[in-house]
Amino acid sequence: LANLMSETVAWPTKALFYFIYATIYLVNSVSVLFSPTETAISKTKYTVWLERITSKSTEIMDRLQRKESTNKDAAWENAKRLQNIRELKKNGQLNIQAVIKLLWVMRDDKEIVANLSDLLTSEGSSKSVFDGIEFYLPQLVHMMIHLDDTWEFPVLEQFVYMVAQHSMHFALQLHWYVIGYMQEHKPEAEVGKKNKKSDDTLFKKAARIINNLEIVITYGNPDSVALEQRYHDKEINRDEFIEQKKQVRFDFAGVLADKDSKTIMSQAMEHRIRYTDRKEIVQPKFKDYIVEIKDQMLYLTDPRSKNEEKLVRGFSLKNAEITFDPNHKIKNYFEIKPDLDEPLVYCFRTPNETRRIKWMRLLKESANDPPMYNPEDDEEKEKIKLTEKQNSRFSFYRSEIQFVKGLTTVATRLNGYKEDRLKKMAIVNATKNLKIDEMNYNPLCRSSEPFTQIVKTIPEKSHAFSTKGHTPTLLAFKTKKLFEGQDVANVLNDEFSEEAVSGILDNLSHMLAPVASLFYGDDQAKNMLVTRPSLWEEDEEGIVSMSRTNLPLVPNELLLIAKHDETIRQEAFAMQLLWFMKDLWDNEVPELYLYPFHILPTSKDTGLIEFVPNCKSLDGLKKDYKRQEDRNVSLLEHFQSVFKKDLKMAKIRFAESLAAYSVASYVLGIKNRNNSNIMLTDEGRIVHVDFGYILGMAPGKGFSPEKAAFKLTKEMIEVLDGEDSDLFKEFVEMCVSGFQTLRSEQESLIELVSIIGHKSTMACFNQGGGSEKVIKDLQKRLMITMTYEEANIKFVSLISKSKNHVGTKMFDKYESVSRKISMVK
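Thresholds applied
- Residues numbered from 1 in each chain as written.
- Predicted model: local features only at pLDDT ≥ 70, side-chain atom pairs only at ≥ 80, totals over all residues.
- Heavy atoms only, no water.
- Salt bridge = Lys/Arg side-chain N within 4 Å of Asp/Glu carboxyl O.
- Helix = DSSP H or I, 4+ residues; strand = E, 2+ residues; numbered from the N terminus.
- Buried < 20%, exposed > 50% of the residue type's maximum accessible area, 1.4 Å probe, protein only.
- Axes fitted to C-alpha atoms, helices over the stretch in contact; angles between N-to-C directions.
- Parallel < 35°, antiparallel > 145°, perpendicular 65-115°, else oblique.
- Contact = heavy atoms within 4.5 Å.
- Nonpolar A, V, L, I, M, F, W, Y, C, P; charged D, E, K, R; others polar.
- Pairing = 2+ DSSP bridges.
- Phe/Tyr/Trp six-rings, centres within 6.5 Å; stacked < 30°, edge-to-face > 60°.
- Lys NZ or Arg CZ within 6 Å of the ring centre and 35° of its normal.
- Polar contact = N/O pair within 3.5 Å; in protein donor to acceptor, adjacent residues only side chain to side chain.

### With respect to the pattern of salt bridges
Okay, step 1: Under the definition given, this model contains 33 salt bridges.
Okay, step 2: Measuring nitrogen to oxygen at the nearest pair gives 4.0 Å for the salt bridge that ties Lys563 to Asp690. In this pair, Lys563 sits in strand 15 (residues 553-564) while Asp690 sits in the loop between strand 20 (686-688) and helix 23 (714-719), placing the two residues 127 residues apart along the sequence.
Okay, step 3: Residue classification places Lys563 among the buried residues on the basis of a relative accessible area of 7%.
Okay, step 4: Residue Asp690 is classed as partly exposed on the basis of its relative accessible area, which comes to 28%.
Okay, step 5: For Arg685, the salt bridge identified is with Glu656, shortest N-O distance 3.5 Å. Taken together, the positions of Arg685 in the loop between strand 19 (678-681) and strand 20 and Glu656 in helix 22 (residues 647-667) put the pair 29 residues apart, joining distant regions of the chain.
Okay, step 6: Classification of Glu656 as buried rests on a relative accessible area of 18%.
Okay, step 7: The network of salt bridges with shared partners includes Lys461, Lys478 and Glu557.

Here is the structure:
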């Protein structure tokens, strides 16, 4: 910097910069001389890794051989599968898919489950393994909710608490998934009406997990902070730091998983409910209930009931409003307004003022303060005073949850509007009032993907989609991305972790970084900064503490869809299966094109969906031509008009995507394929959206005309140059190759579906016959009893039968008449 200064700059100023440089250089040189070298390790990391995995595999194999089972062949096959759990791929990482499959297949063997959990725990710091963990999050959560109680120790609960310590983003994703289960099993479907799916055990379990996640994020682990300081002081090397950090996180997670929550307060109290938007009182008379505060929840039971422990209702106290009107005509009366979309207020009356004051204090603490965590579990329940960073983590965690809730609330409130004009006004008003805090970010990503900070809304670009039922809402935001695409997990860790690494050199390098980036560019500026250990084992050099520098952010725009629909979790599950297919085809049949996108369920019936850019629905395309040219334009005419110079390649791209979605639609039983759910990109590729009907579930149930294996209309065949063309033959070959590739991994696909189907309340698993029928139908579509050649012939036959199928034409005609959706003949 001094060298770059002009001659007019005073020499003392230049001298100061030279002095700073010399100091940094000298200290760094000395620290390198005295730092321990990693050559002192007698065994390489790979050798230790191989020994550990071999030991675990042998242990589990011995257990399986000793196990008395009527199906020893199957047990032996599972053992052989486990032997290959460490496939030597390019990165030599743990095969998460194999672990998840074995967890499910061997779920009745507690010892094997514990060993598999250890395997996951030992490798959770690897970026590729972590991506796998997040990919299989729906299955992990489902098993944790429904199976953990059947094992001696809640191993999956301990595992997710450990992973949550590694990534705050993972903790948020887990929170939103668990919220769905909690809402699904709550005592009341709506006030005064019992929920048919209610399950007090699962409801309370989900609430406890949500509470523990907030403990993990807020308090962190003091041992981790001390460990990072030791690493920074070069008392331990990088490998030792990684291994010891896993252990302290594992121990902390075990304490939480094995520790039952304490009841803060439990007493008899009078209670009733009223609406906020009308005079009517739901429950006009006060009745006595046993009211309990636990896990920042309020639980009510009826002492007059035959089953006194059965919950009458329960709701979260987080962010609830606790109010008291001293002038109210009812003495010792106070109200609780939960942070819910329902216009309800829960009213309570205590026998005296002392009790009212005590109840209100405890309720406000549960509503606004971090959950209580006392590792010593002393009876006084004294609160630990939070550090500045703990407070900031707690505030951010709740802020991001509230931010996302605000997004989905926009879609929820639009359901009451019918006119597009009123919807637009409502969206503009809602987005203008949306609270966005400094670190709120786009949650539709993985922990290892770039961090995208949301700056402000763009109300004029937001609008509601025209649909028959609920109202999906497109929301637009101004965003900023950190240069070099710094990932979410590291950015949040860097911003909110305890300042174990500090000092004058850190501060100087961060102050100089913005200036250095102007002269040297981002790459050289990055090298000037002090680094901290990355969350990922692959990052040998560590990462720059970039969120604490003022390095320039790249401005951008973000579009996402907020949706309120009871099928949102089902759609997310369908998208997971499409991601599975894409990963498989990218390696085996790379010409097949799928465009899966992120879907995040944030409750049982709300969620966020990634916006698919640069495309238009076939329905929208047809309507545009009708409006502009007053005629029906075929798909082929559109291609000839738009892709004049690139028509051949555009048709090939169309064939590649049509083949991929045809196979996916058949195997997954995707229905409701009207032309508003099929998009065409500006490159000529097909992309399917809206997966509310999967695994054979269809609108109209048994009366649905969608009987074809997939949609293949006359206009689509025309774009493929007709049935006798070389391109159509390539389309058939791609379909068959894609199908056979799925058959080669049919076991993995079936296991994914089987896990989610276990005790599932999703509509696709409750069509009649339950999950067992769904699995049998999936196996039938995969033709598991056929040879390779037989399956080839069968699938070619399905393509032939799907061409311009009468059922497809009937369905499109019905959608055209009833919903004004254009036909693609």
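On we go from here.
### Overview of the packing of helix 10 (residues 200-219) against helix 14 (residues 388-414)
Okay, step 1: At a minimum axis distance of 7 Å, the contact between helix 10 and helix 14 shows a crossing angle of 140°. Comparing their axes, helix 14 and helix 10 come out oblique. Contact residues: Leu213, Glu214, Ile217, Thr218 and Tyr219 in helix 10; Gln390, Arg393, Phe394, Tyr397 and Arg398 in helix 14.
Okay, step 2: Broken down by class, the residue content of the contact of helix 10 with helix 14 amounts to 5 nonpolar, 2 polar and 3 charged.

### Quick word on the sheet that holds strand 20
Okay, step 1: Within the open sheet, the 3 strands sit side by side as 18-19-20. Their pairing is antiparallel. The outermost strands of the open sheet, each flanked by one partner alone, are strand 18 (615-617) and strand 20. Between one strand and the next, the sheet's axes are offset by a mean angle of 35°, whatever the strand orientation.
Okay, step 2: Packed on one face of the sheet, helix 20 (residues 618-629) meets strand 18 and strand 19 and runs near 85° to strand 18.
Okay, step 3: Sitting on the sheet, helix 22 touches strand 19 and strand 20, and the angle it makes with strand 20 is about 25°.

### Remarks on helix 4 (residues 96-105)
Okay, step 1: Among the 10 residues of helix 4, 8 are classified as buried, and the element is accordingly described as predominantly covered.
Okay, step 2: The set of residues buried in helix 4 consists of Ile96, Ala98, Val99, Ile100, Lys101, Leu102, Leu103 and Trp104.

### Brief notes about the packing of aromatic side chains
Okay, step 1: Evaluation of the coordinates by the stated rule reveals 18 aromatic pairs.
Okay, step 2: Here the aromatic rings of Phe286 and Tyr333 are separated by 6.2 Å at their centres, their planes lie at 85°, and the arrangement is edge-to-face. With Phe286 in strand 4 (residues 283-294) and Tyr333 in strand 8 (residues 333-337), this pair connects stretches of sequence that are 47 residues apart. Of the two residues, Phe286 and Tyr333, neither departs from the other in class, the shared state being buried.
Okay, step 3: Geometry around Phe324 places Arg356 over its ring, the cationic atom sitting 3.7 Å from the centre.
Okay, step 4: Seen from the ring of Trp579, Arg446 lies directly overhead, with NZ or CZ sitting 5.9 Å from the centre.

### Some remarks on unusual backbone geometry
Okay, step 1: Phi angles above zero are rare outside glycine, and Asn614 is one such case at about 55°.
Okay, step 2: Considering the arrangement of structural elements, one finds Asn614 in the loop between strand 17 (606-610) and strand 18.
Okay, step 3: By relative accessible area, which is 53% here, Asn614 ends up exposed.
Okay, step 4: Look at Asn672: it is not a glycine, yet its phi comes out positive at around 60°.
Okay, step 5: With respect to the secondary-structure elements, Asn672 resides in the loop between helix 22 and strand 19.

### Regarding the environment of Pro705
Okay, step 1: If you trace the backbone, Pro705 turns up in the loop between strand 20 and helix 23.
Okay, step 2: With relative accessibility at 22%, the residue Pro705 sits in the partly exposed group.
Okay, step 3: Measuring from C-alpha to C-alpha, the distance between Pro705 and Val806 comes to 8.4 Å, with 101 residues separating the pair along the chain.
Okay, step 4: The contacts of Pro705, once residues within four sequence positions are left out, are Gly807, Thr808, Met810 and Phe811.

### Some remarks on the side chain of His185
Okay, step 1: With respect to the secondary-structure elements, His185 resides in the loop between helix 9 (168-184) and strand 1 (188-190).
Okay, step 2: On the basis of relative accessible area, His185 is assigned to the buried category, the value being 6%.
Okay, step 3: Separated by 2.9 Å, the side chain of His185 and the backbone oxygen of Lys197 make a polar contact.
Okay, step 4: Among residues more than four places away in sequence, those in contact with His185 are His146, Asn195, Lys197, Ser198, Asp199, Leu202 and Phe203.

These values are about where atoms sit, not about what they do.
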